[in-house]
Amino acid sequence: MDQQIIFHCTFLFLLGLILGSFANVLIYRLPFDKKGILTGRSFCIFCKKKIQWFDNIPLVSFLNLVGKCRNCKKKISPRYFFVELISAISFVFLFINLDNYFEVIFYQIVFLILLMIILIDLKHFIIPDELNFTLIFLAIIHNFFTEFNFSFNEDLNQSIIGGLAGFFVIWSIIFLYDKLKNVEAMGLGDAKLMTALGFFFGWQSVPFILFFASIIGLISVLPSMINKQKTLRTEIPFGPPIICAACVYFFKGQQIIEFLIVY
Ligand SMILES: [Zn+2]
């Protein structure tokens, strides 16, 4: 590798760490307090003591403190470490695989939003509107950058129909379950997430993603259903299966659809 590429990769790795650190703050704060999200200083979630700058350096501080708060010695979630690391690696990965810097930054933001949605939904069973609406916005403007490597749609109409289809399919499921069985099958957060993905990938992706998300969701609760800790009516976060299914569509969707059409 020539020196320039090494320089770019190092720079993006460090920037990725900072973005990952910021994502950690949002993962913690978005489900609760909306005030001071961007300005408030970091503090220990157990003893509430303000964290000094030298204990707030991505990756390094976690290792230096051996994953414990300097003040109260309570265990800090390894999530902080891994989100920073994954964010840094993905930034470098995108840079190596994509052509222009603008595209790299665009997809890094998309990736981080999806990562935040997965982690928040798994813990709190919600998807914050701030993340969904940002994703919808990015998915729509994505259609206007024709120079991007990943232009999923032939034309703008496919994208618009995809977004609307994504929303109304899940909205209908929520509505029907509520009317017929009086249960909350899914949340509107799932509908908004599906809207964003529909805008990204076009309407063909909507049945595909929902089908695979249902299978992934079912597989993920099977072990605890066998142990009788959960039933089919237990609430499960549907955001992570939707995102996993969207990844399947992104990497292998066309091949799978062609396979299904042939057989
Ligand atoms: Zn503490």
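Described in the following lines is the structure provided in the data block. (Residues numbered from 1 in each chain as written. Predicted model: local features only at pLDDT ≥ 70, side-chain atom pairs only at ≥ 80, totals over all residues.)

1. Some remarks on the overall build of the protein
Helix and strand content of the protein: 9 helices and 0 strands. Ordered by position from N to C terminus, the α and β elements of the protein give α-α-α-α-α-α-α-α-α. Relative to a compact globule of 263 residues, whose C-alpha radius of gyration would be 18 Å, the protein shows 20 Å and is just as compact. For the protein, the spread of C-alpha atoms along the principal axes amounts to about 55 × 50 × 35 Å. Relative to its 263 residues, the protein shows a buried fraction of 31%. (Helix = DSSP H or I, 4+ residues; strand = E, 2+ residues; numbered from the N terminus. Rg over C-alpha atoms; globule rule 2.2 N^0.38 Å. Buried ≥ 20, exposed ≤ 12 C-beta atoms within 10 Å, placed from the backbone.)

2. Brief notes about the nonpolar core
Met116, Ile117, Met194, Ala196, Leu197, Ile209 and Ile242 are the most contacted members of the largest nonpolar core, which totals 42 residues. Going through the elements one at a time, α1 (3-29), α3 (79-97), α4 (101-124), α5 (129-141), α6 (156-180), α7 (188-201), α8 (205-226) and α9 (239-262) are the ones with two or more residues in this core. When near neighbours in sequence (up to four residues on either side) are disregarded, isoleucine 117 contacts Ile127, Leu131, Leu193, Gly239 and Ile243. (Core = buried A, V, L, I, M, F, W, Y, C linked by C-beta atoms within 7 Å. Contact = placed C-beta atoms within 7 Å.)

3. Notes on the packing of α6 against α7
Remark: α6 packs on α7, axes separated minimally by 6 Å, with the N-to-C direction vectors making an angle of 155°. Relative to α7, α6 is oriented roughly antiparallel. Once α6 is placed against α7, the crossing between them reads as right-handed. Contacts between α6 and α7 involve Ser159, Gly162, Gly163, Ala165, Gly166, Phe167, Ile170 and Trp171 on the former and, on the latter, Asp190, Ala191, Met194, Thr195, Leu197, Gly198, Phe199 and Phe201. In terms of residue class, the contact of α6 with α7 is made up of 9 nonpolar, 6 polar and 1 charged. (Axes fitted to C-alpha atoms, helices over the stretch in contact; angles between N-to-C directions. Parallel < 35°, antiparallel > 145°, perpendicular 65-115°, else oblique. Left-handed = near helix turned anticlockwise from the far one by under 90°. Nonpolar A, V, L, I, M, F, W, Y, C, P; charged D, E, K, R; others polar.)

4. Quick notes on unusual backbone geometry
Notably, lysine 48 is not glycine yet its phi reads approximately 65°, a positive angle. When you line up the elements, lysine 48 lands in the loop between α1 and α2 (60-64). The backbone of leucine 59 sits at a positive phi, close to 60°, despite the residue not being glycine. For leucine 59, the position within the fold is in the loop between α1 and α2. For leucine 59, a count of 16 C-beta atoms within 10 Å corresponds to the partly exposed category.

5. Points about α4
Helical periodicity: at 3.6 residues per turn, an α-helix aligns residues three or four positions apart in one direction. With 24 residues, α4 ought to run about 34 Å at 1.5 Å a step, and its terminal C-alpha atoms sit 34 Å apart, in line with that. Residues Val104, Tyr107, Gln108, Leu112, Ile113, Leu114, Met116, Ile117, Leu119, Ile120 and Asp121 constitute the buried set of α4. Tucked inside the fold, the buried residues of α4 contact α1, α3, α5, α7 and α9. Phenylalanine 125 sits one or two positions beyond α4 and adopts a positive phi of about 60°. (Expected span 1.5 Å × (residues − 1).)

6. Some details on the packing of α1 against α4
In the contact formed by α1 and α4, the axes pass within 10 Å of each other and the chain directions differ by 35°. For the pair α1 and α4, the crossing hand works out as right-handed. For the pair formed by α1 and α4, the contact residues are Leu19, Ala23, Leu26 and Ile27 on the first element and Leu112, Leu115, Met116, Leu119 and Ile120 on the second. When its residues are assigned to classes, the contact of α1 with α4 shows 9 nonpolar, no polar and no charged.

7. Thoughts on α6
Taking 1.5 Å of rise per residue, the 25 residues of α6 would be expected to cover 36 Å, and the 36 Å separating its terminal C-alpha atoms lies within 8% of that figure. Lining the buried residues of α6 we find α7 and α8.

8. Details of the environment of phenylalanine 13
One can find phenylalanine 13 in helix α1. Here the alpha-carbon distance between phenylalanine 13 and glutamate 84, two residues 71 residues apart in the chain, equals 9.7 Å. Setting aside chain neighbours within four positions, we find phenylalanine 13 in contact with Ala88, Phe91 and Val92.

9. Some remarks on the environment of leucine 15
Tracing the backbone through its elements, the reader meets leucine 15 in helix α1. Given 16 C-beta atoms within a 10 Å radius, leucine 15 is considered partly exposed. Taking the C-alpha atoms as reference points, leucine 15 and cysteine 47, separated by 32 residues in sequence, lie 29 Å from one another.

10. Things to note about the environment of asparagine 182
With respect to the helices and strands, the residue asparagine 182 is situated in the loop between α6 and α7. Each C-alpha atom, one on asparagine 182 and one on cysteine 72, is 46 Å from the other, the two residues being 110 residues apart in sequence.

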